[in-house]
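What follows is each chain in one-letter form.
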Amino acid sequence: MTFISAEFYILLLVVVIAYFAMPLKYRWMVLLLGSLAFYIFQGIEMLPMLLGAAIVGWLCGLGIGRVYGDEGVGAQEAKKKAKLVSGIGVVILIAVLALVKCTRYMPENIAARIIVPLGISYYTFSIISYLIDIYRRKYKPEANALKFLLFVAFFPKILQGPIARYDKLANQLYEGHRFDYQRMCFGLQIFLWGLIKKLVIADRLAIFTGEVFGDIPRMSGSMLLVAAIFATVELYCDFSGCMDMASGVSQIFGIELEQNFRRPFFSKSAAEFWRRWHITLGVWFKDYVYMPVVTSPRMAKVLQWAKKHFGARVGKSLMAAIPLAIVWILTGVWHGTGKAYVVWGVYWGAMIIASQIWAPEIKKINQFLHINTEAESFQIFRMVRTFGLFCIGRIITIPNNLHMTLQIFRKIAFEFHPWELVDDTIYTYGLDWKDFSLLMCMFVLLWAVSMLQEKGGLRTRIAGYNLGFRWAIYYIAIIALIVFGIYGPGYDASNFVYMGF
């Protein structure tokens, strides 16, 4: 069961009716039952691991709270005990996550016995942030085990996130919300847009990218380059489409999930891109990895030593490089196991670190070349450059094999056959000229919608249109989804790219 399966819509209808039929103070129970039903449909064998993670988080949270609440324990001793309890919980959660992620390195007979729970990376990071925040005394632990389980298992976010933070989501889940027609319309609008991005754009692109990357040795550089560009847009439409659907479902219940995408292809630098792409993951690493490293006493000693022996510039550079290097290696490992993902993390980390360290030199080069960095043409160039950098990152991870990645780069550089772009060869990999024409139109639509969203208030603007025009937009969108969506016999409705994390 996913957001694009018939069973999901039946479950959603039942949960919505039951939610608004129940008294306000009991509505969280409906969400909990609906979330458990959703998870069980994925496979009941995965449920014990979800429950186990929730129990570990809940018990350790209570333990930290009791340590801090014990008046017979001094402040320093209480902090040490709380750190120990939170550390135990974090180690258990990370150990389970690592075990699941490392199955590819185990013998087949052992790996086959290990169950990979749906959304384990997302709920694990949510529980870890909960424990660390309680240790930091940001808020008090949740006393009700079932309410905490709802926070962990809330079904719109369990597939692909976003990575929820307790203080931003929990109260919304527990307080109960009254039915609001406009809020429901807004939720359905963004859900529909997410469906279009997934079924019309991403899954159509997946046909082409699957054909091309499925037989790399036989492909020319031109086809591989087109496939890399398509794979980049495919990933965005698949992942952000799922986020739109999750947000839309949540809004029906009056719950606002944290934003996970903010038009990343408008970014003008690598650092800005990762402030717009998978936002909750970036914020999580910033709060629980980057900042602790930056503020640690050991880091301060390293910086003092570097300044003393090599000067202030080197010390400042290390201040930027060391925490970012740690974050990006961990980010690569989070996305997948294997050398390719480590290289991918190093690739992005190196670019961001270099852009910070060499910012003065880059500024001088621009001045020497008399480049007007404020010109609109230069801003467009920066956006295209950032998009290209992301395409390179996709080439690193798509094969999950560095040898194949190097082969792709070699073919693009030395076996580029431009005539294949115009001699109909491009139409032999699953998509005909009609599909390509549709995709070009959808790319324009995607850009136009993103531009309107960037300026703010697109759904509010639609709500302000006359009734006839507003419903004409809805009908056109629904018809386009039915006519142009990729579904039916042979379609894998469970195939969301980031469900494997």
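Residues numbered from 1 in each chain as written. Predicted model: local features only at pLDDT ≥ 70, side-chain atom pairs only at ≥ 80, totals over all residues. Heavy atoms only, no water.

1. A few points about the confidence of the model for the chain
Then, number 1: Looking at the chain, pLDDT values average 89 and 95% of them are 70 or higher.
Then, number 2: Of all the helices and strands in the chain, helix α5 (residues 108–111) carries the lowest mean pLDDT, 67, while helix α7 (residues 145–153) carries the highest, 96. (pLDDT = per-residue confidence, 0-100. Helix = DSSP H or I, 4+ residues; strand = E, 2+ residues; numbered from the N terminus.)

2. A look at unusual backbone geometry
Then, number 1: Gly161 connects to Pro162 through a cis peptide bond whose omega is 10 degrees.
Then, number 2: Locating Pro162 in the fold gives a position in the loop between α8 (155–158) and α9 (166–175).
Then, number 3: Even without being glycine, Asn400 reaches a positive phi, approximately 50 degrees.
Then, number 4: Along the chain, Asn400 falls in the loop between α18 (376–397) and α19 (402–414).
Then, number 5: The exposure class assigned to Asn400 is partly exposed, which follows from its relative accessible area of 28%. (Buried < 20%, exposed > 50% of the residue type's maximum accessible area, 1.4 Å probe, protein only.)

3. A few points about helix α15 (residues 312–335)
Then, number 1: An ideal rise of 1.5 Å per residue puts 34 Å on 24 residues; α15 measures up with 35 Å between its terminal C-alpha atoms.
Then, number 2: Considered for burial, the residues of α15 that qualify are Gly315, Ser317, Ala320, Ala321, Pro323, Leu324, Val327, Trp328, Thr331, Gly332, Trp334 and His335.
Then, number 3: The inward-facing, buried residues of α15 contact α4 (75–101), α6 (120–135), α12 (270–276), α13 (279–294), α14 (297–310) and α16 (339–357). (Expected span 1.5 Å × (residues − 1). Contact = heavy atoms within 4.5 Å.)

4. Considering the pattern of salt bridges
Then, number 1: For the coordinates displayed, the defined rule picks out 14 salt bridges.
Then, number 2: One salt bridge in this structure joins Asp244 and Lys197, with 2.8 Å as the shortest N-O distance. Separated by 47 residues along the polypeptide, Asp244 in helix α11 (residues 221–252) and Lys197 in helix α10 (residues 181–213) bring together distant segments of the chain.
Then, number 3: On the basis of relative accessibility, which here comes to 3%, the residue Lys197 falls in the buried class. (Salt bridge = Lys/Arg side-chain N within 4 Å of Asp/Glu carboxyl O.)

5. Focus: the nonpolar core
Then, number 1: Counting residues in hydrophobic clusters, the biggest one holds 142 residues, and the most contacted among them are Phe208 and Phe253.
Then, number 2: With 18 residues, the top contributor of residues to this core is α11.
Then, number 3: Beyond its immediate sequence surroundings of up to four residues, Phe253 is in contact with Leu12, Val15, Val16, Tyr19, Phe20, Leu31, Phe155, His177 and Arg183. (Core = buried A, V, L, I, M, F, W, Y, C linked by side-chain atoms within 4.5 Å.)

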